[in-house]
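Remarks on the overall topology
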Amino acid sequence: MRSSVGDGNRVFAARGLTKVYATGSVLVEALRGVDLDLFAGELVLLLGPSGSGKSTLLNILGGLDRPTAGEVRFRDHDLTQLDDAALTAFRRDHIGFVFQFYNLIPSLTAEENVALVSEIAPRPMPPTEALALVGLAERRHHFPSQLSGGEQQRVAVARAIAKRPEILLCDEPTGALDSRTGIVVLAAIEAANRELGTTTVVITHNAAIAAMGDRVVRFHDGRVADVATNPSRRPAAELIW
Amino acid sequence: MTALHRKLLRTLWQIRGQTLAIGLVLGCGIAIYIMAVGTLNSLVAARDTYYDQSRFGEVFAHLKRAPEALLPRLTAISGVKATESRIVGDVLLDLPGVAEPARGKVVSVPASGAPLLNAVTIREGRNLRPDHPDEVVVSEAFAQAHRFQPGDHLAADINGHLRPLIIVGIGLSPEYVYAIDPGSLLPDNRRFGVLWMGRKALAGAYDLDGAFNDLCLTLAPGADIATVMDEVDRLLAPYAGVGAYGRRDQLSHALLSGEIDQLKVLSRMVPPAFLGIAAFLLYVAATRLIEIEREQIGLLKACGYGDGAIAGHYLALVAAMVAVGTILGLGGGYWLGEAITAIYRQFYRFPFLVFRPEAATVAVALGCAVVTGLIAAIVAVRRTAGLPPAVAMQPAPPAAYRALPACIINRLTEPGRIVLRNLWRWPLRSALTLLGFALAVADVIASLFAYDSIERMIDLDFFHAQRQGLIITFSDLRPWHVVDEVARLPGAKAVEPFRSVAVRLAAGPRIVRTNVTGLAPEGTLRRLVDPKMKPMAMPDQGLMVSTRLADALAVTVGDQIIVQALEGRRMTRPVTVAGIAEEYMGKTAYMSLPRLNRLLGDGEVVNGAYLLDDPQRLPELYARLKKAPIIAGVALKAAALQSFRQTIAQSMGIMLTFYIGFGAVIAFGVAYNSARIGLSERSRDLASLRVLGFSRIEVSYVFLGELTLLMLAAIPLGWLMGYGWAWAIASGFKNDLFTIPLVVAPATYGWAAVILIAAVTLCGLIIRRKIDRLDLVAVLKTRE
Ligand SMILES: Nc1ncnc2c1ncn2[C@@H]1O[C@H](COP(=O)(O)OP(=O)(O)OP(=O)(O)O)[C@@H](O)[C@H]1O
Ligand SMILES: [Mg+2]
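The shown structure was predicted, so the numbers you read here are calculated from the model rather than taken from an experiment.

1. Structural notes on the overall build of chain A
- Scanning chain A from N- to C-terminus turns up six helices and ten strands.
- Against the 2.2 N^0.38 benchmark of 18 Å for 241 residues, chain A shows a C-alpha radius of gyration of 17 Å, consistent with a compact globule.
- Sequence separation of 24 or more characterises 69% of the internal contacts of chain A that already satisfy a separation of 6 or more.
- Within the structure as shown, chain A displays about 9,700 Å² of accessible surface, and the carbon and sulfur contribution to it stands at 50%.
- Charge centroids of chain A, computed over 25 positive and 28 negative side chains, lie 2 Å from each other.

This is the structure we're talking about:
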């Protein structure tokens with residue numbers, strides 16, 4: 001573990017989180033009682049089979065959704081108690097999100113998609129700088145439909161990094177990338193984590209990436225199956241897959 | 001400029017087609033509302049101001065001859081404010097270049113300056129000078145129809161003497177705002193004019209020195225008009241007064257008020273409906289447009305944009321539609337209003353008639369658009385913004401799927417199945433599109449049916465009831481045998497006498513002032529017909545009343561009516577209603593002529609004749625009629641019919657054209673919007689179909705098939721709604737002067753369908769091009 005872990009450093013504390021989706025008569029239990037703490041400045045990798053509830057957890061941590069039961073604390077606040085406006089403010093002021101499906105606005109260019117978020121952030125970096133970090137500076141005037149899937153994913157990462165958030169939540173940020181580009185993107189996330197002390201959670205299917213984190217949380221069937229601490233983080237640049 | 005602003009601009013540009021389409025529908029709704037209600041406002045304002053400024057009389061009475069000395073006693077009646085005595089007469093005009101005889105009304109102007117009441121406004125030239133008995137001021141419409149200028153000459157047969165006259169001025173009077181020959185219901189400015197002449201000149205012509213034969217008066221505030229009229233009748237009775245009547249029975253006023261009532265009905269029945277339809281379409285389009293952006297709204301929320309910022313963003317999108325609609329509506333409304341008012345200026349002669357809608361009218365129209373836009377934006381944004389962002393960011397799940405019956409599904413090809421499934425899957429959306437189409441069809445029927453009704457009125461009145469060519473009016477009561485002389489006129493193929501008497505009919509508390517016309521018992525030229533247009537036999541006894549009159553008196557066959565003649569010996573007699581004759585205009589009663597004469601005790605007399613002419617010898621007939629001294633007037637059916645059609649074409653034509661045009665705009669707007677939005681929602685599906693190997697035609701079929709099915713289903717529904725709407729208009733139209741029969745011809749249903757089909761086809765062609773150009777790769781690559 002990178003730094004001393006104490007209650008004072010705890011950013012998120014999830015207790016007994018459950019999430020049930022009711023579709024017609026079918027109940028899908030996406031989370032079945034998750035207990036998890038996240039600490040300031042750490043980089044956590046979240047692994048698990050498809051459908052195991054990773055995105056659901058990340059959405060709840062990021063204030064995009066509410067749990068069916070359980071409690072999530074962000075520092076001194078109970079997220080489940082916040083009203084809609086307060087949750088919106090929480091996302092705007094603290095959270096950077098990379099969505100699994102990118103969710104770019106098709107009518108905005110790469111740069112404008114980044115600006116959309118950085119404009120309302122308290123201490124952002126210029127959109128071009130963020131795009132440069134993911135290697136897309138020259139493509140900044142292109143619309144999503146003019147970019148490849150991977151390039152769109154990199155814009156989504158740039159958008160999250162550009163606001164210099166306290167918390168960075170990345171849902172499969174390299175899913176569509178080859179290893180070389182993937183490493184560029186991971187390096188950008190790692191830099192944000194190291195240089196700004198951003199608490200970072202990265203979801204991945206790729207076990208090779210796990211080596212870059214402080215801790216690795218394995219998910220199975222809506223529960224935390226295992227939490228492992230990496231004795232040392234391997235820099236993103238040295239990862240191979 | 002922030003990224004959100006850029007997104008707004010780009011989205012606006014993307015949806016410019018829909019913005020225009022909805023803006024157009026909204027603009028039409030606003031424009032028609034402003035036009036119709038504004039025209040009404042303007043007409044009422046012009047009338048009220050003019051009546052006030054020109055001191056339009058409130059009670060009128062005609063008599064044979066009373067000494068001027070009677071006037072102070074009339075003025076002294078309690079409740080009377082001012083009186084004016086006059087000489088008024090009917091004249092035949094000999095006009096250069098007009099073969100048929102024209103009629104005129106001569107009205108005296110006091111020697112000492114302007115009349116107290118019914119002031120004549122000089123529009124051109126100058127006023128009459130005393131001691132110039134040949135000077136005349138003519139009414140403006142008549143002067144314009146003949147291109148008369150001050151200085152021109154004309155000749156009038158006044159009381160049997162042909163007098164050359166010189167026109168010194170062209171004028172207007174509140175009595176003749178709607179200048180019309182009492183014998184017809186529509187103006188014919190070529191064949192009827194008003195001539196104002198000096199009192200002295202007319203006194204000489206009618207042998208009325210120191211006497212008068214016409215009276216009008218105004219009332220003091222709070223006076224009871226009925227009491228005043230009774231008192232006037234009592235005082236004028238010895239002088240063969242024909243009964244005082246109020247403005248309600250003054251022809252020009254009655255017709256003007258009738259028109260205003262009609263406009264009221266029209267502006268209550270149609271434009272608010274249009275405004276409502278436009279608002280409804282705005283709502284549907286705006287909410288759908290916003291709901292398409294569900295994932296983007298989710299993203300904005302996820303990124304920390306508040307509900308206010310998001311609502312503001314989408315409000316701006318809707319505002320653009322409202323703005324387009326408002327600009328088109330205001331501009332179009334004023335333009336249409338001016339155009340209609342210009343037409344009204346031809347019919348209604350006011351010194352000033354300008355299109356000036358009330359601020360409240362404009363506010364209602366615009367407010368309706370703005371409020372609807374606001375509600376639509378808020379409802380739609382709230383529907384999405386209320387979802388957790390994690391949910392909103394995912395594509396909306398299709399509505400709960402309902403399986404179609406297998407027996408239907410199995411019979412269809414795959415594209416056909418897709419069409420039906422989609423309609424089935426979005427029942428509300430399909431229903432709204434269907435409703436929009438049906439409204440377009442209904443609108444066309446509600447507008448077009450007016451022509452069917454008018455054709456029925458013409459058919460009944462001009463072809464089944466009136467079969468004569470001319471109606472000849474004698475200058476006085478004449479013995480029956482005069483008819484034989486008329487029959488000897490050149491070109492007279494058949495002649496039947498009639499007698500028309502001014503009467504007051506009373507049934508219980510209801511009183512109607514009208515005429516009873518005595519018709520030849522076995523007559524064939526002038527007949528009464530039943531609703532099926534079958535001729536009705538004229539009964540020996542009893543009174544035949546027209547439908548309007550039966551309504552006004554609330555009587556049916558067998559009821560008793562008290563008939564009080566307002567001329568001659570002024571007999572009062574009870575008679576029984578023997579039958580009800582179908583008539584859409586006027587409130588006349590009919591009787592067998594011998595019976596009428598016996599009832600009134602005046603002997604075998606007539607005051608006019610119906611004549612069937614030989615068209616070949618018409619010029620000859622006209623020439624003789626112009627010279628016959630006993631003939632006070634000639635009304636030509638062909639001319640009346642022509643003027644009727646012309647008036648209708650002018651006064652209703654423009655309005656109806658716009659109403660029908662609006663139907664086409666609605667159809668197009670609904671089709672285009674639902675197709676365009678459908679296209680953005682489903683471009684991925686459609687592109688996928690293409691990629692999977694469906695041809696362009698098949699893909700278009702899938703997409704446009706939905707529209708076509710909805711369109712076809714909307715036609716019968718629209719027919720039904722249109723009939724209901726027409727029924728509401730026809731019922732609302734019953735006024736003092738006429739009713740309109742509810743007739744919807746098959747061709748009207750046909751046109752309504754054709755207009756819908758044409759509008760939807762046009763839209764289909766536009767959308768088809770867009771589908772053909774679908775960029776498969778771009779569509780499949782992005783997730784909207
Ligand atoms: N809106 C929803 N309605 C119903 N079920 C849902 C919904 N969202 C997620 N689920 C279900 O919840 C479970 C967890 O989904 P989640 O997206 O968290 O999985 P995941 O671990 O992120 O999977 P992947 O690696 O494939 O992205 C899955 O079974 C999924 O089908
Ligand atoms: Mg996931």
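2. Quick look at the coordination of the magnesium ion (ligand 2)
All names here are of chain A.
- For the magnesium ion (ligand 2), the full set of protein donor atoms is Ser-55 (OG) and Gln-100 (OE1), at a range of 1.9 to 2.3 Å. With Ser-55 in helix H1 (residues 54–61) and Gln-100 in the loop between strand E6 (95–98) and helix H3 (110–118), the pair connects residues that are 45 residues apart, well separated along the chain.
- Given the relative accessible area of 22%, Ser-55 is considered partly exposed.
- Relative accessible area serves as the criterion here: at 27%, Gln-100 is assigned to the partly exposed category.

3. Here's the deal with the domain arrangement of chain B
- Under the domain assignment, chain B is made up of domain 1 (1–53 + 247–397), domain 2 (54–246), domain 3 (407–458 + 643–784) and domain 4 (459–642).
- The distance between the C-alpha centroids of domain 1 of chain B and domain 4 of chain B comes to 51 Å.

4. Quick word on empty space enclosed by the protein
All names here are of chain B.
- A complete count under the given rule lists eleven cavities of 30 Å³ or more for this structure.
- For the largest cavity, the calculated volume is near 600 Å³.
- Taken together, 34 residues make up the lining of the largest cavity; nearest its centre are Glu-259, Gln-262, Ile-648, Met-652 and Phe-738.
- Of all the elements in the fold, those that place two or more residues in the lining of the largest cavity are helix H7 (251–269), helix H10 (307–347), helix H15 (427–465), helix H20 (637–651) and helix H21 (653–691).
- The dominant element in the lining of the largest cavity, judged by the number of residues it contributes, is H15, at seven residues.
- Classifying every residue of the lining of the largest cavity by side-chain character gives 27 nonpolar, six polar and one charged.
- By volume, the second largest cavity amounts to about 180 Å³.
- Lining the second largest cavity are 16 residues, and of these Arg-288, Arg-429, Ser-674, Arg-682 and Glu-706 lie nearest its centre.
- Within the residue set of the lining of the second largest cavity, elements represented by two or more residues are helix H14 (414–425), H15, H21 and helix H22 (696–732).

5. Overview of a positive patch on the surface
- Taken together, B:Arg16, B:Arg769, B:Lys770 and B:Arg773 make up a surface patch of like positive charges.
- Within the fold, B:Arg773 resides in the loop between helix H23 (746–772) and helix H24 (776–781).

6. Some points on the interface of chain A and chain B
- Counting residues at the interface gives 31 residues for chain A and 30 residues for chain B.
- In total, chain A and chain B occlude about 2,500 Å² of area from one another, counting both sides; carbon and sulfur atoms represent 60% of this.
- Counting every contact that joins chain A to chain B gives three salt bridges.
- Salt-bridge contacts for B:Arg6 lead to A:Glu112; the nearest nitrogen and oxygen are separated by 3.4 Å.
- Counting across the chain A and chain B interface gives nine residue pairs in polar contact (both at pLDDT 80 or more).
- Residue composition of the side of chain A that touches chain B, by class: 14 nonpolar, nine polar and eight charged.

7. Some remarks on the site of ligand 1
- Lining the immediate environment of ligand 1, one finds 16 residues, of which A:Ser50, A:Gly51, A:Lys54, A:Ser55 and A:Thr56 sit closest.
- Near ligand 1, residues from chains A and B are present, making the site a shared one.
- Residue A:Ser52 places a main-chain N or O atom 3.2 Å away from an oxygen atom belonging to ligand 1.
- Note that an oxygen atom of ligand 1 is positioned 3.0 Å from one of the side-chain N or O atoms of A:His205.
- Burial of ligand 1 by the protein amounts to 70% of the accessible area it has alone, namely 630 Å².

What counts and how
- Numbering of residues starts from 1 in each chain and follows the order in which that chain's sequence is written.
- Whichever chain is written first becomes A and whichever ligand is written first becomes 1, with later ones labelled in order.
- With pLDDT at 70 or above as the cut-off, local features in this predicted model cover only qualifying residues; side-chain atom pairs require 80 or more to be listed or tallied, and sums for whole chains, interfaces and linings still use all residues.
- Side-chain metrics in this entry use all non-hydrogen atoms of the structure; hydrogen atoms and water are not considered.
- Put simply, DSSP marks the helices as runs of H or I at least four residues long and the strands as runs of E at least two long, and each gets a number from the N terminus on.
- As a reference, a globule follows 2.2 Å times the number of residues to the power 0.38, and the radius of gyration itself is taken over C-alpha atoms.
- In this analysis, two residues are considered to be in contact whenever any of their non-hydrogen atoms come within 4.5 Å of each other.
- To measure how exposed things are, a 1.4 Å probe is used in the Shrake-Rupley method; for residues, cover is taken only from the protein chains shown.
- Positive: Lys, Arg. Negative: Asp, Glu. His and the chain ends are not part of the count.
- Taken as the charge centre is NZ of Lys, CZ of Arg, CG of Asp or CD of Glu, depending on the residue.
- Coordinating donors are taken to be N, O and S atoms lying within 2.8 Å of the metal, or within 3.2 Å when the metal is Na, K or Ca; because water is excluded from the atom set, some sites may appear incomplete.
- Only protein chains enter the accessibility calculation, which uses a 1.4 Å probe. A residue is then buried if its area is under 20% of the maximum for its type, exposed if over 50%, and partly exposed in between.
- Residue ranges assigned to each domain were obtained from an automatic or database domain assignment.
- Site definitions follow a grid-based scheme: protein atoms alone, a 1 Å grid, a 1.4 Å probe that fits but cannot get out for cavities, and for pockets an open set with protein on both sides within 12 Å along at least five of seven lines, plus lining residues having an atom within 4 Å of a point.
- Grid points are joined across faces, edges and corners, and a volume is the space filled by probe spheres set on the points.
- Each residue is assigned to one of three groups, with Ala, Val, Leu, Ile, Met, Phe, Trp, Tyr, Cys and Pro labelled nonpolar, Asp, Glu, Lys and Arg labelled charged, and all others, Gly among them, labelled polar.
- Put simply, a patch holds well-exposed residues, over 30% relative accessible area, that have no salt bridge, with like charges counted together within 9 Å and Val, Leu, Ile, Met, Phe, Trp or Tyr side chains within 5 Å.
- We define a salt bridge as a side-chain nitrogen of Lys or Arg found within 4 Å of a carboxyl oxygen belonging to Asp or Glu.
- Once two parts are put together, the accessible area they lose, assessed with a 1.4 Å probe and summed over both, is termed the buried area.
- Side-chain atoms alone can form a polar contact between residues adjacent in sequence; in general such a contact is a pair of N or O atoms within 3.5 Å, and within protein one must be able to donate a hydrogen while the other accepts it.
- Proximity criterion: a residue is near a molecule or strand once any of its heavy atoms comes within 4 Å of it.

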